[in-house]
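# Residue-level structural notes
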Amino acid sequence: VGSIEIQSDGKILIGGVFNTLDGATRLRLVRLNSSGTEDTSFYTNLGTGFNSYVNDVKEQSDGKILVGGNFTSLDGTTRNRLVRLNSSGTVDTAFYTNLGTGFNISVESIEIQSDGKILVGGAFTTFKGNTRNGLVRLNSNGTEDTSFYTNLSTGFNNFVDSIEIQSDGKILVGGIFTSLDGNTRNRLVRLNSDGTENY
């Protein structure tokens, strides 16, 4: 198990590397009722599940669910490292369409801003075929907030593993990186809300 998210209704989303729950095939994502029993209808809607591991799961304020990891498919359909599900477990296909070809390497962390924009960190070096080293911000519909990455310039030189948003909107970024935009930044930086560094 790599990620746990408690929904607003008390149900529990569990993501990871697992392939069974209680002896039944459950590929990398399940939802439990608050009692610990499985919400089987959720997994039914995932079809055959994810083909590789899930690293992070986040519920949006509207009940939709963001799932990030190293997978390249869900239910046999291409889904490169990030997908948004409806609360039932079905895919929000419009969101994925806006992701285009998605990420080239794994998504490790997801954080949702108060304005609905989505921060995505990981080991990736491209998004939709464009150079994006370790961190991007998406609009709520899945398109990229390109101004944010412009302010990161060349980005991070290695994995981003963790993202947290402060109450003032500033963004803490942690990982195994040792530089941001070519400047030495050993494993932790704080960004302003626009993506510039908070020195």
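See the structure shown above.
Residues numbered from 1 in each chain as written. Predicted model: local features only at pLDDT ≥ 70, side-chain atom pairs only at ≥ 80, totals over all residues. Heavy atoms only, no water.

Turning our eyes to something else, we now look at the overall build of the protein chain. Per the secondary structure count, the protein chain includes 3 helices and 20 strands. For the protein chain, the C-alpha atoms occupy an extent of roughly 50 × 35 × 30 Å along the three principal directions. Looking at the protein chain as a whole, 50% of its 199 residues qualify as buried. Taking contacts inside the protein chain between residues at least 6 apart in sequence as the whole, the part at least 24 apart equals 35%. Carbon and sulfur atoms provide 45% of the accessible area of the protein chain, an area that totals close to 8600 Å². (Helix = DSSP H or I, 4+ residues; strand = E, 2+ residues; numbered from the N terminus. Buried < 20%, exposed > 50% of the residue type's maximum accessible area, 1.4 Å probe, protein only. Contact = heavy atoms within 4.5 Å. Areas by Shrake-Rupley, 256 points an atom, 1.4 Å probe, with all protein chains shown as cover.)

On to the nonpolar core, then. If you look at the biggest cluster of nonpolar residues, it comprises 20 residues, and the most contacted ones within it are L29, F50, V67 and L85. Contributing elements (two or more residues each) for this core: strand 2 (12–15), strand 5 (29–32), helix 1 (40–45), strand 6 (54–59), strand 7 (65–69) and strand 10 (82–85). Among all residues touching L85, those that are not within four sequence positions of it are L29, F42, L46, K64, I65, V67, L74, T90, V91 and D92. (Core = buried A, V, L, I, M, F, W, Y, C linked by side-chain atoms within 4.5 Å.)

Let us look at a nonpolar patch on the surface. On the surface, a nonpolar cluster with roughly 350 Å² of combined accessible area is contributed by V1, I4 and I6. Note that V1 resides in the segment before strand 1 (3–6). By relative accessible area, V1 is classed as exposed at 72%. (Patch = residues over 30% accessible without salt bridge, like charges linked within 9 Å, V, L, I, M, F, W, Y side chains within 5 Å. Salt bridge = Lys/Arg side-chain N within 4 Å of Asp/Glu carboxyl O.)

Summarising burial for strand 11 (residues 107–112): 5 of the 6 residues are buried, a large majority. Here strand 11 runs beside strand 12 (residues 118–122); their pairing, made up of 5 bridges, is antiparallel. Looking across to strand 12, one finds that E111 is bridged to L119. Once strand 11 ends, the chain turns through 5 residues before running back antiparallel as strand 12, passing G116 with a positive phi of about 90°. (Pairing = 2+ DSSP bridges.)

Let us now look at the sheet that holds strand 6. Strands pair in a sheet through their backbones, by hydrogen bonds, and they do so in one of two ways: parallel or antiparallel. One open sheet holds the 3 strands; their spatial order is 6-7-10, and the pairing between them is antiparallel. The sheet terminates laterally at strand 6 and strand 10, the two strands that pair on one side only. For this sheet, the mean angle separating the axes of adjacent strands, direction not counted, is 20°. Across 4 bridges, strand 7 lies against strand 10 in antiparallel orientation. Note that in strand 10 the partner of L66 across the bridge is R84. (Axes fitted to C-alpha atoms, helices over the stretch in contact; angles between N-to-C directions.)

For G121, the location among the structural elements is in strand 12. Judged by relative accessible area, G121 falls into the buried class, the value being 0%. Along the primary structure G121 and F159 are separated by 38 residues, whereas in three dimensions their C-alpha atoms are 7.8 Å apart. Setting aside anything within four residues of it in sequence, one finds G121 in contact with V107, E108, S109, G134, L135, V160 and I163.

A side chain with one charge can pair with a side chain of the opposite charge if their charged atoms come near. What the rule picks out here adds up to 11 salt bridges. In this structure, the salt-bridge partner of K11 is D39, at a minimum N-O distance of 3.2 Å. Linking K11 in the loop between strand 1 and strand 2 with D39 in the loop between strand 5 and helix 1, this pair joins segments that are 28 residues apart in sequence. For K11, a relative accessible area of 24% translates into the label partly exposed. D39 sits in the buried class, given a relative accessible area of 7%. For E197, the salt bridge identified is with R185, shortest N-O distance 2.5 Å. Of the two residues, E197 is situated in the segment after strand 20 (188–191) and R185 in the loop between strand 19 (183–184) and strand 20; the sequence distance between them amounts to 12 residues. Judged by relative accessible area, E197 falls into the buried class, the value being 16%. One salt-bridge network, held together by shared partners, links K11, R31 and D39.

Its location among the elements puts Q60 in the loop between strand 6 and strand 7. Among the polar contacts listed, one links the side chain of Q60 to the side chain of R84, at a separation of 3.1 Å. In contact with Q60, other than residues within four places in its own chain, are L66, R84, I112 and I118. (Polar contact = N/O pair within 3.5 Å; in protein donor to acceptor, adjacent residues only side chain to side chain.)

Taken by themselves, the reported measurements are silent on function.
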